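# Architecture and fold: a report
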Amino acid sequence: MAAGIREKQTVALKRMLNFNLPPIKNSTGEPVWKVLIYDRFGQDIISPLLSVKELRDMGITLHLLLHSDRDPIPDVPAVYFVMPTEENIDRMCQDLRNQLYESYYLNFISAISRSKLEDIANAALGASAVTQVAKVFDQYLNFITLEDDMFVLCNQNKELISYRAINRPDITDTEMEAIMDTVVDSLFCFFVTLGAIPIIRCSRGTAAEMVAVKLDKKLRENLRDARNSLFTGDTLGAGQFSFQRPLLVLVDRNIDLATPLHHTWTYQALVHDVLDFHLNRVNLEESSGMENSPAGARPKKKNKKSYDLTPADKFWQKHKGSPFPEVAESVQQELESYRAQEDEVKRLKSIMGIEGEDEGAISMLSDNTAKLTSAVSSLPELLEKKRLIDLHTNVATAVLEHIKARKLDVYFEYEEKIMSKSTLDKSLLDMISDPDAGTPEDKMRLFLIYYINSVQAPSEADLEQYKKALTDAGCNLTPLNYIKQWKAFAKMASAPTSYGNATAKPLGLFSRVMNTGSQFVMEGVKNLVLKQQNLPVTRILDNLMEMKSNPVSIIIFILGKEIWKTRSFQF
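Computed from a predicted model, the values in this text were never measured in an experiment.

Scanning the protein chain from N- to C-terminus turns up 20 helices and 15 strands. In the protein chain, buried positions account for 46% of the 571 residues. Considering only contacts within the protein chain whose residues lie at least 6 apart along the sequence, 78% involve residues at least 24 apart. Entry remark: accessible area of the protein chain is about 30,100 Å², with carbon and sulfur atoms responsible for 52%.

Laid out in structure tokens, this is it:
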């Protein structure tokens, strides 16, 4: 498929914002000014794809939440982008009765039912606003695209379809059906936007199989109705149907519980693990400095700052999958390159300000005019480079503080050895008992990885000893009790998940970036090189693709909470 899902969903959103008409290319005229009304779900879908500037370029003067207090703007059209829930429908009907806008373009993230559509029609009739409802569309955009090759189902109420929700022991059949229907609806929207009908493969006897059966049924029912099929003719909207069918691999999170628990070492996965990172935006608390507050004064509140880590960020795109020490070194190199360019501009400016009219000065002036012109024209690019350097300096510094405070490099190396069945240079009990190594959560994650990967479960006496050490370290033992029951139920003790025999190779402590003026004091942090891991998902794909000569687009969907660690390994 030539276009990725990010591009296709962006095109679909732009079409919607243009009143569901294709945007006119090379148009020099002013856009039609309009108001965008969305709910939290719509906001989460739009925010990773379109910036405020892009919305303004498309004529969006205001973008407001549906359930906020909104003043009437009677001479402006409104584009709605919301989920078809009872609460949202009631508020939209209220807007029609209050005559808030000149016209209404109603776009639903998922398909709206006939009964709710009739509720809107009755409200429009009662408010004499039938002619003002210009268009009603089902957009089938109920998923969030974070990257060209990554999407998640939702951000709002994500705990309702999380691993815990699906694997609760007291879950009822009705609740399970509701979760599966939510997942299937989002996956169906994904393939409508992609314009492709997948070949579905799944693990048997799991929740993934339930999703596969329901998705297959929904796709077949849509294809059976040729006149209204979303995969044929003009009904595709933004996406164009592709005859090259992608392979959808549906797997249950239970096939690999160790990976989401594993402390990682790549930039993107570390940002996701240790910082407040959602929908491609990371929120940091800025330190208030070392100034001493006067006696009796209130402590200064820490300022929060947000940074967007988007595909437009070249540094992020290049280094998000790199080991963290390499990222720290690259930031320093970028900073030195920027300073060299800045010094060159200052030098040329100084030369251009030469006084006097002697021949040497005039000759020097003419030689450097072209250079200065080139330097000035590159100033916007230089300023953007400086912005990205500052951004990644702040983000990488925040990550480094967590690594040093929690000894995450030690945890990563130790867990790699456990998962690859290598010899441990320190006993697990010592790691757990070390008061300076990590938080209680870090210690629990480490022990769970050991327990999941053990060929033979620890004896009751050893387990009690581990439990005591974990309790003394402040750990909550509930996760261990769950994993113990899960492993017994899955009969994993005799056939533990194998992760190959690759381990992270230490290259000694960081000395190369300890140069004068470095932004990162990496003293004591190990320089570990990642090795390719043979994850369970990798082996499943290898088996599916065996004997396949033609390249196939593969979509992997893991049922359970999304993680970035799986993506840090190369399939």
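Inspection of every chain in the model, using the stated rule, returns 20 aromatic pairs. Ring plane angle 20 degrees and centroid distance 4.1 Å describe the contact between F151 and F190, whose orientation is recorded as stacked. You can see F151 sitting in strand β7 (residues 150-152) and its partner F190 sitting in helix α7 (residues 173-194), a full 39 residues away along the chain. Comparing F151 with F190, the two get one shared label, buried. Ring centres of F190 and F191 lie 5.0 Å apart, and the angle between their planes is 90 degrees; on these two criteria the pair is classed as edge-to-face. Here the two residues F190 and F191 agree in accessibility, since each one is buried.

Two elements in contact, α7 and helix α8 (residues 207-224), have axes whose closest approach is 9 Å; the angle formed by their N-to-C orientations is 50 degrees. Taken together, the axis directions place α7 and α8 in an arrangement best described as oblique. Between α7 and α8 lies a crossing whose hand is right-handed. From α7, M176, E177, M180, D181, V183, V184, D185, L187, F188 and F191 reach across to α8, where they touch A207, M210, V211, K214, L215, K218, L219 and N222. For the contact of α7 with α8, the per-class residue count stands at 12 nonpolar, 1 polar and 5 charged.

What follows covers a negative patch on the surface. A cluster of acidic residues, E86, E87, D90 and D119, forms a negative patch at the surface. Per element, the largest residue contribution to the negative patch is 3 residues, and it comes from helix α4 (residues 86-98). Here E87 is to be found in helix α4.

With that settled, consider helix α14 (residues 379-406). The end-to-end C-alpha distance of α14, which contains 28 residues, comes to 40 Å, matching closely the 40 Å that a straight helix rising 1.5 Å per residue would cover. Of the residues flanking the end of α14, it is K407, one or two places downstream, whose phi is positive at about 55 degrees.

Attention now moves to the sheet that holds strand β15 (residues 554-559). The 3 strands are arranged β8-β9-β15 in an open sheet whose pairing can be described as parallel. Edge positions in the sheet fall to β8 (199-202) and β15, since each of these pairs with one other strand and no more. When strand polarity is set aside, the average angle formed by the axes of neighbouring strands in this sheet is 20 degrees. The strands touched by α7 are β9 (247-252) and β15; relative to β15, the strand with the most contacts, the crossing angle is about 165 degrees.

For the protein chain, the mean per-residue pLDDT works out to 82, and 78% of the residues sit at or above 70. Taken as a whole, residues 354-362 scores under 50 in pLDDT and shows 4 contacts with residues more than four places along the chain or in a different chain. Below pLDDT 50 for its whole length, residues 507-518 participates in 26 contacts with residues either more than four positions away or in separate chains.

Calculation criteria
- Residues numbered from 1 in each chain as written.
- Predicted model: local features only at pLDDT ≥ 70, side-chain atom pairs only at ≥ 80, totals over all residues.
- Heavy atoms only, no water.
- Helix = DSSP H or I, 4+ residues; strand = E, 2+ residues; numbered from the N terminus.
- Buried < 20%, exposed > 50% of the residue type's maximum accessible area, 1.4 Å probe, protein only.
- Contact = heavy atoms within 4.5 Å.
- Areas by Shrake-Rupley, 256 points an atom, 1.4 Å probe, with all protein chains shown as cover.
- Phe/Tyr/Trp six-rings, centres within 6.5 Å; stacked < 30°, edge-to-face > 60°.
- Axes fitted to C-alpha atoms, helices over the stretch in contact; angles between N-to-C directions.
- Parallel < 35°, antiparallel > 145°, perpendicular 65-115°, else oblique.
- Left-handed = near helix turned anticlockwise from the far one by under 90°.
- Nonpolar A, V, L, I, M, F, W, Y, C, P; charged D, E, K, R; others polar.
- Patch = residues over 30% accessible without salt bridge, like charges linked within 9 Å, V, L, I, M, F, W, Y side chains within 5 Å.
- Salt bridge = Lys/Arg side-chain N within 4 Å of Asp/Glu carboxyl O.
- Lys, Arg positive; Asp, Glu negative; His and termini not counted.
- Charge placed at Lys NZ, Arg CZ, Asp CG, Glu CD.
- Expected span 1.5 Å × (residues − 1).
- Pairing = 2+ DSSP bridges.
- pLDDT = per-residue confidence, 0-100.

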